[in-house]
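Overview (structure and organization)
Here's the letter readout for the chains.
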Amino acid sequence: LVIRRSPHPSPLPEGEGAEWQCLGRPSKRLRPGVALRFGDDASAAAAVIRVAHGDGCYDVTFDTDDVFALLAAHGEVPLPPYIKRPDGPLPFDRERYQTVYASPPGAIAAPTAGLHFTPELLDGLRAVGAATVFVTLHVGPGTFLPVRGDDLNDHVMDAEWCEIPVAVAARINEARRDGQRIVAVGTTTTRALESSVDATGALRAGGRWADQFIRPGHRFRVIDALFTNFHLPGSTLLALVSAFAGRERTLAVYEDAVRQRYRFYSYGDAMLIQ
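Read on for a plain summary of the structure. (Residues numbered from 1 in each chain as written. Predicted model: local features only at pLDDT ≥ 70, side-chain atom pairs only at ≥ 80, totals over all residues. Heavy atoms only, no water.)

1. Comments concerning the environment of Arg208
Positionally, Arg208 belongs in strand β9 (residues 206-210). Taking the C-alpha atoms as reference, Arg208 lies 11 Å from Val197; in sequence the two are eleven residues apart. Among residues more than four places away in sequence, those in contact with Arg208 are Glu160, Trp161, Cys162, Ile164, Ser195 and Ser196. At 3.1 Å, the side chain of Arg208 and the side chain of Ser196 are in polar contact. (Helix = DSSP H or I, 4+ residues; strand = E, 2+ residues; numbered from the N terminus. Contact = heavy atoms within 4.5 Å. Polar contact = N/O pair within 3.5 Å; in protein donor to acceptor, adjacent residues only side chain to side chain.)

Below is the structure:
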C-alpha cells in the first residue's frame, strides 16, 4: 500500500482512526470490509478497507492516528517499478530517494526534479545571488495516473495538499514586483504556486488542496522558468511541461533527448525551460 491522507474523507464511526487514501496491488483482491494487520502479534496495528474506487485506489481506516509511525516501522520506500530491487528497497534508498530539503512527511513519492540538488549546489546558487525559498506539495496518486482518452479537458486531476508559508509568499510577491525571475524546481512546486494565486495575481499563503490540472492553455501567473526531469508520455506532468514550453517545442526537445540517449524518470536527466 502507498498511503496518503484522503482529500475527501467520508464520515467515520466515533472512535475510529483517520481515513487514508491508499494505492494497492495485492495478490488477493481487497474488498470493503477486509481487515489488514501490520505485525505478527495480537496487538499489532490494523486497518480496514472502507471503499474500493477501482484502479487500485482504496479508502482505508486505520486503528491508529500515528500512521507515519506505522509506516516507519513496517513500510518500505515506495520506489518506482522501473528501479529494479528484486528483494525490496536497499537501506540507502531511504536517503537517496529523497530531496536534501525534504521536511514534513506526506508525499507518496519524491519530487524528482529536486533529487538533482545537493547542499553544496544550493549553497553555490545562494553565493551567486539566487534566493531559495521552499514550499510544500504532498505528491499524491493523481500525479502518476495516466491521461486516458484523447481530450485533456476530460481528465480530472486528483487533489494534492500544498502549503505556502507566509514569509515565502511575501518574498515571492516582492520578487515579482521587483521584476526578478521565479524559477520553479519541479512540476510539484509549479502546481503548488499556480494553485495558490488569488484573483489579483498575488500568491496566497496557507494550505489548500491543489486540484488544478495544468495543461496547454493555462496562463502561468507565478513562474518564469521551470527546472524539471523528462517525464512519461501520456502523463499529467508532460501536459504541464507542454503548457509551459509549448507542445511543438516540447516534442522537439524530447525527440532530441531520445537521440542523445538522455535518461528519463526519477534518477534521469533534467532540463531548464525558460
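2. Side note on the sheet that holds β9
Pairing within the open sheet is antiparallel, and its three strands lie in the order β6-β7-β9. Of all the strands in the sheet, the pair left with one neighbour each is β6 (136-137) and β9. Note: β6 against strand β7 (residues 160-164), two bridges, orientation antiparallel. Along β7, the bridge assignment pairs Leu137 with Cys162. (Pairing = 2+ DSSP bridges.)

3. Quick notes on the packing of helix α6 (residues 236-245) against helix α7 (residues 247-259)
In the contact formed by α6 and α7, the axes pass within 7 Å of each other and the chain directions differ by 115°. Judged by the twist between their axes, the crossing of α6 over α7 is right-handed. Facing α6, whose interface residues are Leu238, Val241, Ser242 and Ala245, α7 presents Arg247, Arg249, Thr250 and Tyr254. The residue makeup of the contact of α6 with α7, split by class, is four nonpolar, two polar and two charged. (Axes fitted to C-alpha atoms, helices over the stretch in contact; angles between N-to-C directions. Left-handed = near helix turned anticlockwise from the far one by under 90°. Nonpolar A, V, L, I, M, F, W, Y, C, P; charged D, E, K, R; others polar.)

Fair warning: the whole summary comes from geometry, so function is off the table for now.
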